[in-house]
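Examination of the molecular architecture
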Amino acid sequence: MRIGPKHEEGEESFHLEVCDPRWIAERVRRERIIDGRHLLVVEEFQWPTIVGFLEKRVSAYEVDSWNGLAERLSRLGHWEFEGD
């Protein structure tokens, strides 16, 4: 996702993986343990539904600053300026 402050120029990158339960099951079989951070699990890849979910989730955050919003968004997707 590329998201920026409202009414300002610029945007920042937030990365998340969209996967289905079969992908998770295969990955767990292969790796034994996975960290589920920054994963969005869907039954079907219906992009309008996924985009709608993300737009609703992002617009629901109430914060006083861009940094506050970016911190919240980093829980959903890996923020490009977030430390590992």
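Below: a short report on this structure. Since the structure is predicted, the reported quantities are computational estimates derived from the model, not experimental observations.

To continue, consider the overall build of the protein. When helices and strands are tallied, the protein shows three helices and five strands. Seen in sequence order, the protein has helices and strands lined up from the N terminus as β-β-β-α-β-α-α-β. Referenced to the eigenvectors of the C-alpha coordinate spread, the extents of the protein come out at roughly 45 × 30 × 20 Å. The buried share of the protein, taken over its 84 residues, is 30%. Pairs at least 24 residues apart make up 44% of the contacts formed inside the protein by residues separated by at least 6 positions. Of the roughly 6400 Å² of accessible surface on the protein, 49% is carried by carbon and sulfur atoms.

Summed over the entire model, instances satisfying the criterion amount to four aromatic pairs. For the pair Phe14 and Trp66, a centre-to-centre distance of 6.5 Å together with 75° between the ring planes defines the contact as edge-to-face. On the criterion of sequence distance, the pair formed by Phe14 in strand β2 (residues 12-15) and Trp66 in helix α3 (residues 66-76) is long-range, its members being 52 residues apart. Trp66 sits in the buried class, given a relative accessible area of 17%. Relative to Trp79, the ring of Phe14 lies with its centre 6.1 Å away and its plane at 15°, an arrangement referred to as stacked. With Phe14 in strand β2 and Trp79 in strand β5 (residues 78-79), the pair connects residues that are 65 residues apart, well separated along the chain. On the accessibility criterion, Phe14 (0% relative accessible area) is buried.

With that settled, consider the environment of Glu71. With respect to the element layout, Glu71 can be found in helix α3. With 10 residues separating them in the primary sequence, Glu71 and Tyr61 have C-alpha atoms 11 Å apart.

Once that is clear, we can look at the pairing of β2. Judged by which residues are buried, β2 turns out to be one-sided: Glu12 and Phe14 face inward and are buried, whereas Ser13 and His15, on the alternate face, are not. The pairing of strand β1 (residues 2-3) with β2 spans two bridges and is classified as antiparallel. Bridging across to β2, Ile3 finds its partner in Glu12. The sheet contact formed by β2 and β5 spans two bridges and is antiparallel. What sits directly across from His15, in β5, is His78.

Procedures and definitions
Residues numbered from 1 in each chain as written. Predicted model: local features only at pLDDT ≥ 70, side-chain atom pairs only at ≥ 80, totals over all residues. Heavy atoms only, no water. Helix = DSSP H or I, 4+ residues; strand = E, 2+ residues; numbered from the N terminus. Buried < 20%, exposed > 50% of the residue type's maximum accessible area, 1.4 Å probe, protein only. Contact = heavy atoms within 4.5 Å. Areas by Shrake-Rupley, 256 points an atom, 1.4 Å probe, with all protein chains shown as cover. Phe/Tyr/Trp six-rings, centres within 6.5 Å; stacked < 30°, edge-to-face > 60°. Pairing = 2+ DSSP bridges.

None of the figures reported here should be taken as evidence of function without further support.
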